[in-house]
Amino acid sequence: MKFNQALESIKIYEAGKPIELVVREYGIDKDSIVKLASNENPFGCSPKVKEAVRAIIDNMSLYPDDSMVKLKSALSNKYGIKSNELIIGAGSDQVIEFAIHAKAHHGGKVLMNSVTFAMYEIYAKQVGAEIIRTASREHKMEEFYALYQEHKPTIVFLCTPNNPTGDGLLAQEMVDFIAKVDSDTLVIVDGAYMEYARFKNPDYAIEPKELIEKFDNVLFLGTFSKAYGLGGMRVGYGIAQSSIIEALYKVRPPFNITTLSLEAASVALEDETFVQECIADNFMQMDRYKGFAHAKGIDVIESYTNFVTLLLPEEKKSSKIAQELLKKGMIVRDLSSYGLNAIRVTIGTSVQNDRFFELIDTLV
Ligand SMILES: *Cc1c(COP(=O)(O)O)cnc(C)c1O
């Protein structure tokens, strides 16, 4: 059977291996598997969230509140924006999909960093758009601007801090770039790890409110999957001027967020203390990774997130190292498909990190 031709150049996205798969493939006991592959919060979510979800567990027969009043008002308060400047997605992934389907088109161009989140390309190719990439591993705004001028892209993606590298972009540099971009180009600022960047260095923190007050062509993305520890609930959001949000609503399916997920995300915002404690621990543990890399003479990219990217020496193939770790029940992300001889490791709990150091020590 022939399918939409646009699909031919798409490689199926390979998410971090689930624990269940490693149990089946390697016969390893479920409890001894450590997953440091998808940048989840190792402490999970606030206990208040679990309580709240348990309390509404009997409400599963009715469709969810499609106006999402509770979550929207909590997010509006958090960011100081209006409800009509917000859209909620099943993960920010879904908001990326909405934005591309609403704005990109066959023959249009989508500009992104050389190494960045894989879903931008996948969604852009679905609509037949052409992908333009910078050359540098980091987001360099001069390069983005030169390519912008040359190609006049429909959409520009800026991922800060960037996944899978962990490096961040100075907020001022980003704003200076956007100021030079024509208002018909949609600039999507993916802030999936913004909570971590804000904690580490305020110069790297993007304020969505300021951004959308200044610019009518910017969409900021946030998620509950990382710092808020709700990856399994699939909730993300987009913040933009209402004219952009309205366009995104036209491609949104109804009831895209479940009742339990809406409740979980709303209550998660009531316990910022929990999140900040997790982030503080994250950066303490990250110092151990830096120390390890330094002792081993391995390069590590300065990270503004909850993961570290270890750039391995040429003779140690990252695919091989990741495979060896997997056999021992340690799941990390091999970055060879991104053109990097590197592994990306999510910062775990102190015990999980101990295990990582123990296993990797003999391999590098
Ligand atoms: C994890 C991630 C997302 C999407 O996460 P969701 O779970 O879909 O909200 C988006 N962008 C980047 C850069 C990410 O790392």
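Scoring rules and cut-offs
Residues numbered from 1 in each chain as written. Predicted model: local features only at pLDDT ≥ 70, side-chain atom pairs only at ≥ 80, totals over all residues. Heavy atoms only, no water. 1 Å grid on protein atoms, 1.4 Å probe; cavity = no way out; pocket = protein on both sides within 12 Å on 5 of 7 lines; lining within 4 Å. Points joined across faces, edges and corners; volume = space filled by probe spheres on them. Helix = DSSP H or I, 4+ residues; strand = E, 2+ residues; numbered from the N terminus. Phe/Tyr/Trp six-rings, centres within 6.5 Å; stacked < 30°, edge-to-face > 60°. Lys NZ or Arg CZ within 6 Å of the ring centre and 35° of its normal. Near = heavy atom within 4 Å. Polar contact = N/O pair within 3.5 Å; in protein donor to acceptor, adjacent residues only side chain to side chain. Areas by Shrake-Rupley, 256 points an atom, 1.4 Å probe, with all protein chains shown as cover. Sits in = over half its atoms within 2 Å of the grid points. Contact = heavy atoms within 4.5 Å.

1. As for the layout of surface pockets
Consideration 1: Reported here for the largest pocket is a volume of approximately 720 Å³.
Consideration 2: Contributing to the lining of the largest pocket are 29 residues, with Glu14, Arg333, Asp334, Ser337 and Tyr338 lying nearest its centre.
Consideration 3: Counting only elements with at least two residues in the lining of the largest pocket, the list comes to helix H5 (119–126), helix H13 (318–327), strand S11 (330–331) and strand S12 (333–334).
Consideration 4: Among the elements that take part in the lining of the largest pocket, H13 stands out by supplying four residues, more than any other.

2. Details of the packing of aromatic side chains
Consideration 1: Taken as a whole, this structure holds 16 aromatic pairs when the rule is applied.
Consideration 2: Where Tyr145 meets Tyr148, the ring centres are 5.9 Å apart and the plane angle is 25°; that geometry is what we call stacked. Taken together, the positions of Tyr145 and Tyr148, both in helix H6 (residues 141–151) and three residues apart, correspond to about one turn of that helix.
Consideration 3: A cation sits over an aromatic face here: Lys200 above Tyr304, 4.6 Å from the ring centre.
Consideration 4: If you follow Arg344 out to its NZ or CZ, it ends over the ring of Phe307, 5.5 Å from the centre.

3. Details of the site of the ligand
Consideration 1: Around the ligand there are 13 residues in total, and Asp190, Thr223, Ser225, Lys226 and Arg234 lie nearest to it.
Consideration 2: One nitrogen or oxygen atom from the side chain of Thr223 is found 2.5 Å from an oxygen atom belonging to the ligand.
Consideration 3: In the model, an oxygen atom of the ligand is placed 2.6 Å from a nitrogen or oxygen of the Ser225 side chain.
Consideration 4: Protein coverage of the free-state accessible area of the ligand, which is 380 Å², stands at 94%.
Consideration 5: If you map the ligand onto the pockets, it falls in the second largest pocket.

4. Section: the environment of Glu143
Consideration 1: With respect to the helices and strands, the residue Glu143 is situated in helix H6.
Consideration 2: Note: C-alpha distance between Glu143 and Ala104 (39 residues apart in sequence) is 21 Å.
Consideration 3: Other than its neighbours up to four places away in sequence, Glu143 contacts Thr134, Ala135 and Ser136.

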